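# Residue-level structure breakdown
Listed below are the residues making up each chain.
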Amino acid sequence: MSSDGDQNKMIAHASPGEGHHRLNPFVGKWNARVNFFMAPGEPPNESAGFMENQWILGGRYLEQRYRSEMMGQPFEGRGLWGYCNGRQCYEGNWIDTWGTSMMVSRGLSDPSGRVFTMLGEVFSPGAGGPIPCRAVATIHDANRNSYDMFFPGPDGREMHMMSIEYTRA
């Protein structure tokens, strides 16, 4: 049997708060312009896509649904992004048609609440195992945000692998 104090802690942990509200600018339908960099110094592979983000489960998680064409192939992705009141950080996962593994990440926003930096790992077939990744989502204004991904490059140093510019549809 739990005490009233334990029940109040559970309610506080389960309630969306300021961390969740900082994700509100990402809600909606977005046109995407993607640059995917295969190797340093090479021109990017460019594509266009569409993202729809909506709150689910009472405003606890931002569900992301993405579709496009990447390197001449249909591409779809799904993500969940939220704020863990207990850990006091953002948590996310991403799955897509380019793999069978989940990218899992955790991170923080800057004091302005406009730049979110997530650290995680993803399985790399080329590396034969998991590799670290860093993602930065930036709110530029009410109708524009961006997402940048960084992975280890051929020399082991961090390399900018993907840049997505989102504009409100």
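This text follows the structure it describes.
Reference entry: report on the structure contained in this document. (Residues numbered from 1 in each chain as written. Predicted model: local features only at pLDDT ≥ 70, side-chain atom pairs only at ≥ 80, totals over all residues. Heavy atoms only, no water.)

Rolled over the atoms, a probe sized like a water molecule indicates the empty space that remains. In this structure, the largest pocket spans a volume of roughly 1,200 Å³. Residue lining of the largest pocket: 49 residues in total, with D96, M103, M149, F151 and M162 positioned closest to the centre. In terms of residue count, the dominant contributor to the lining of the largest pocket is strand 9 (residues 144-152) (6 residues). Here the lining of the largest pocket is composed, by residue class, of 35 nonpolar, 13 polar and 1 charged. Space inside the second largest pocket adds up to approximately 310 Å³. In this structure, the second largest pocket is lined by 19 residues; those nearest its centre are Y61, G82, Y83, C84 and E91. (1 Å grid on protein atoms, 1.4 Å probe; cavity = no way out; pocket = protein on both sides within 12 Å on 5 of 7 lines; lining within 4 Å. Points joined across faces, edges and corners; volume = space filled by probe spheres on them. Helix = DSSP H or I, 4+ residues; strand = E, 2+ residues; numbered from the N terminus. Nonpolar A, V, L, I, M, F, W, Y, C, P; charged D, E, K, R; others polar.)

Right, let's talk about the packing of aromatic side chains for a bit. A complete count under the given rule lists 9 aromatic pairs for this structure. On the basis of an interplanar angle of 90° and a centroid distance of 5.1 Å, the ring pair of Y90 and F116 is categorised as edge-to-face. Taken together, the residues Y90 in strand 5 (residues 89-96) and F116 in strand 7 (residues 115-124) connect sequence positions 26 residues apart. Put simply, the rings of F26, W81, Y83, Y90 and F116 pair up and form one aromatic cluster. It is R134 that lies over the ring of F150; its NZ or CZ is 4.2 Å from the centre. (Phe/Tyr/Trp six-rings, centres within 6.5 Å; stacked < 30°, edge-to-face > 60°. Lys NZ or Arg CZ within 6 Å of the ring centre and 35° of its normal.)

F26, Y66, W81 and F116 are the most contacted members of the largest nonpolar core, which has 31 residues in total. When contributions to this core are tallied by element, the ones reaching two or more residues are strand 1 (28-36), strand 3 (61-70), strand 4 (73-84), strand 5, strand 7, strand 8 (129-141), strand 9 and strand 10 (158-168). With sequence-adjacent residues up to four places away left out, W81 is seen in contact with L23, F26, R60, Y61, L62, Q64, Y90, E91, G92, F116, M118 and A137. (Core = buried A, V, L, I, M, F, W, Y, C linked by side-chain atoms within 4.5 Å. Buried < 20%, exposed > 50% of the residue type's maximum accessible area, 1.4 Å probe, protein only. Contact = heavy atoms within 4.5 Å.)

Take the sheet that holds strand 2 (residues 45-56) next. Read around the closed barrel, 10 strands run 1-2-3-4-5-6-7-8-9-10, paired in antiparallel fashion. Neighbour-to-neighbour, the strand axes of the sheet open up by a mean angle of 25°, direction not taken into account. (Pairing = 2+ DSSP bridges. Axes fitted to C-alpha atoms, helices over the stretch in contact; angles between N-to-C directions.)

Examined bridge by bridge, strand 8 and strand 9 share 7 bridges and lie antiparallel to one another. Opposite R134, over in strand 9, you have F150 as the bridge partner. Two elements, strand 9 and strand 10, share 9 bridges in a ladder whose sense is antiparallel. Counterpart to S146 in the pairing with strand 10 is E165.

Attention shifts here to a nonpolar patch on the surface. Together, M38, M71 and W98 make up an exposed nonpolar region whose accessible area comes to about 310 Å². Within the secondary structure, W98 sits in the loop between strand 5 and strand 6 (103-109). (Patch = residues over 30% accessible without salt bridge, like charges linked within 9 Å, V, L, I, M, F, W, Y side chains within 5 Å. Areas by Shrake-Rupley, 256 points an atom, 1.4 Å probe, with all protein chains shown as cover. Salt bridge = Lys/Arg side-chain N within 4 Å of Asp/Glu carboxyl O.)

Here we take up the pairing of strand 1. Relative to strand 2, strand 1 runs antiparallel, the two being bridged by 9 bridges. Bridge pairing in strand 2 places F36 opposite N45. Bridge count for strand 1 against strand 10 is 7 bridges, and the pairing is antiparallel. Note on strand 10: the bridge partner recorded for A32 is Y166.

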